[in-house]
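# A closer look at the structure
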Amino acid sequence: MFREEKDSLGTMKIPDEFYYGIQTLRSLELSNISGRQISQDAPWLIHSLATIKKAAALANHEIGALDTAVCHAIVQATDEIREGRFKDQFPVDMFQGGGGIAVHMNINEVIANRANELITGHKGYSAVHPNTHVNQGQSTNDVLPSAMKIALLFMLEQLISEVNSLKFEMDRKADQFKHVVKIGRTCLQDALPLTLGQEFSGYASFLDRQIRFLQAIAAECLELPLGATAVGTGVGILPGFLDKAYGHIRSMTGKPFTREHNFFDGLQNGDLYLKISAALKALATGLSKIASDFRLMSSGPKAGLNEIKLPALQPGSSIMPGKINPVLPELINQVCYQVCGNDTAVTMAVEGGELDLNVWESIITKCLFESCTLLTKSIPIFATQCVSGIEANLEVCREYSEGSTAVSALISAVFDYETGSRIAKEAIRTNQSVKDVVIQSKLMTEEDARLLLNPINMTDSNQMDELIYQMREKLRKA
C-alpha cells in the first residue's frame, strides 16, 4: 500500500507503513551515507524536538490558533514519541545538508501522520499538516538549536553523574593507598617520593574540577533561541505564543528554560557549542592521561614498573599464555582520542557559520552527542571494572622509593647542592642506596640518616621542612 504526498518539487509515493513523508524520503536519497541515523545516535534530540512540538501545539491552542482536536492529536503523537515509540521512523542520516531541515521535517511528518491517523483513522495530511499545524510559529532555524540545547543539558547531567561516580572511586583509592609510599616521576625519571594515595587524590581533584566546569556549561544551555524563527525577527509567531510555549517547556522538562536575550546572536553564533566541546575535551584529555598513567604503573610485570595491579579482564594475547593487557585504560584512551577529534570538527563547524545562521548544526550535533555518549558509557565501566579493583604492589613501591637517588635532594637541602650531587653519583656508582652512602661517608649518623631519608616522611611537606630545619640546626651547633 502506498499513499501520495507532494511538495514544491513534485509528487512521490510513500509506503503506507512509514509515518515519515516526502521530505524525509528526499533526504534519504541525498544523504544516506554514514548509516548512522538520528534515532540511533541522537535519541535525546528526537525527544527534545517532540517536547518543543508539544509545547508549540499547546501554546497555539491556548491563543486560539489551533483547533482543539488537532492540538490533542499532536499532543498524543508527541507524547508517544517522547515515550520511545516510532524509533524506526527517524531514519535521517546524522550527516545532512540544508541546516537541519531534514531532521526537522522528519519529526514534523511523523507527528502529522500519527495525529492525522488518530483523527481520521489513516495517515496523510487531510486533518493535520506537518507545516501548517505541527510547525506553526516555528522554523528549523530556531527549533533545531533549541532542541540541541535541551538535549545537551540532559546529556551533560547524565555525564556529570558518571564523572561523580568515578571521582568517588578515585577518592576511595586515595584513602586506601594513603600509606603506600612510591617514587614520584618527572620526565619519566625518578623524582621525590609520594604516596600512591596522593597520586589518586590528584586524579580525584581533576575530576571534581571537571564536574564544576560541566555544571557551569550545562547551565548555559537553559537559554533557547525558540521564537527567533528564520533569521531572528520572529516572523510567523502570533501574540502570546512564546510565553506559553516556554511555560510548557519548563513544565515538561522541570528545567528553567528561557528565551535568549538576543535572537540574532542565538542563530548566528555557536560559541556555546565550542564551550561544551572544550569541556568534553578537557575531561577527555585528563581521563586519557589517567588511563596512560595506569598503563605505565601496571606495565610489566617483569620488565615494567609493576607498581599497581589492574583487574585481569581478558587474556591479552593469542600466542603468549598468561599475558594480561590493560584493556579498559586502552579503551578510555581511544574514546578520548575520538572526543578530541570531534572537538576539531565542532571548532570548524562553529567558525564556518556565515551571516544570519550557522547551518552546520548537523555535524555539531553528531560530534557533541557522540562525545557525550562515548564518555557517559565508558566512564562507569572504567570506574567499576578497573579503578575499583586496582591493587598496590607494596613490595615494588617500597623498593623503588627506598632505592632512588632522587632523595639526594634532601642532602642538598641540609648541606648544599654539591654534596647532594656527590652522594647521588656515589650511590649510582656503587649501586647502593643514598642512605647507605650517607652513613658510610659519615656525613650523618645512622639515626639521622634513617629519619631524614625515610620515604614516608618525604611525603609530608610540613614534617619534612621541620626535619630539614632540625638537621641544619644540629649541624650548625656541631
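Details of the structure are given in the entry above.
Structure report, in brief. In this text, all values refer to a predicted model and were calculated from it rather than measured experimentally.

### As for the pairing of strand E3 (residues 181-186)
Note that E3 and strand E4 (residues 189-195) share five bridges and pair antiparallel. Looking at the pairing, Ile183 lines up with Pro193 of E4. What sits between E3 and E4 in their antiparallel hairpin is a turn of two residues, with Cys187 showing a positive phi close to 55°.

### So, the environment of Gly403
Summarising the element assignment, Gly403 is placed in helix H14 (residues 394-403). Relative accessible area serves as the criterion here: at 41%, Gly403 is assigned to the partly exposed category. It is 80 Å that separates the C-alpha atoms of Gly403 and Ser8, two residues lying 395 residues apart in sequence.

### As for the packing of helix H8 (residues 196-219) against helix H11 (residues 271-297)
Where H8 contacts H11, the two axes come as close as 10 Å, and the packing angle between them is 165°. Comparing the axis directions of H8 and H11 gives the class roughly antiparallel. Once H8 is placed against H11, the crossing between them reads as left-handed. Across the contact of H8 with H11, the residue classes tally to 18 nonpolar, two polar and four charged.

### Some points on the nonpolar core
In this structure, Leu45, Met170, Leu280, Leu283 and Phe294 are the most contacted members of the largest nonpolar core, which totals 119 residues. In terms of residue count, the dominant contributor to this core is helix H7 (residues 140-176) (17 residues). Formed by 19 residues, the second largest nonpolar core is a distinct cluster that contains Ala427, Val434, Met458 and Leu467.

### Section: the packing of aromatic side chains
By the definition in use, this model includes eight aromatic pairs. Seen in terms of ring centroids, Tyr19 and Phe86 are 4.8 Å apart; in terms of plane orientation they differ by 55°. Their pairing is tilted. Of the two residues, Tyr19 is situated in the loop between strand E2 (10-15) and helix H1 (22-31) and Phe86 in the loop between helix H4 (68-82) and helix H5 (101-120); the sequence distance between them amounts to 67 residues. Exposure remark for Phe86: the relative accessible area of 10% places this residue in the buried category. Looking at Lys123, its charged tip hangs above the ring of Tyr19, at a distance of 4.3 Å from the centre.

About the criteria used
- Within each chain, residues carry numbers counting from 1 in the order of the written sequence.
- Local features in this predicted model are restricted to residues whose pLDDT is 70 or higher, and side-chain atom pairs enter the listing and the counts only when it is 80 or higher, whereas totals over whole chains, interfaces and linings include all residues.
- Where side-chain values are given, they derive from all heavy atoms of the structure, hydrogens and water being excluded.
- Pairing between strands is defined by DSSP: at least two bridges between them are needed.
- In DSSP terms, a helix is any run of H or I states spanning at least four residues, a strand is any run of E spanning at least two, and both are numbered starting from the N terminus.
- Three labels apply to residues, based on accessible area from a 1.4 Å probe with only protein chains included: buried if under 20% of the type maximum, exposed if over 50%, partly exposed otherwise in between.
- Throughout, an axis means a line fitted to C-alpha atoms (over the contacting stretch in the case of helices), and angles, computed between N-to-C directions, take values from 0 to 180 degrees.
- Put simply, angles under 35 degrees are roughly parallel, angles over 145 are roughly antiparallel, angles from 65 to 115 are roughly perpendicular, and the rest are oblique.
- The crossing is said to be left-handed when, going from far helix to near helix, the turn is anticlockwise and less than a right angle, and right-handed when the turn is clockwise.
- Note that Gly is not counted as nonpolar here; it falls among the polar residues with everything else outside the nonpolar set of Ala, Val, Leu, Ile, Met, Phe, Trp, Tyr, Cys and Pro and the charged set of Asp, Glu, Lys and Arg.
- What is meant by a nonpolar core is a set of buried Ala, Val, Leu, Ile, Met, Phe, Trp, Tyr and Cys residues, joined one to another through side-chain atoms within 4.5 Å.
- Aromatic rings from Phe, Tyr and Trp, with only the six-membered ring used for Trp, were paired whenever their centres fell within 6.5 Å, and each pair was classed as stacked if the ring planes differed by under 30 degrees, edge-to-face if by over 60, and tilted otherwise.
- By definition here, charges over rings are those cases where NZ of Lys or CZ of Arg is within 6 Å of the ring centre and within 35 degrees of the ring normal.

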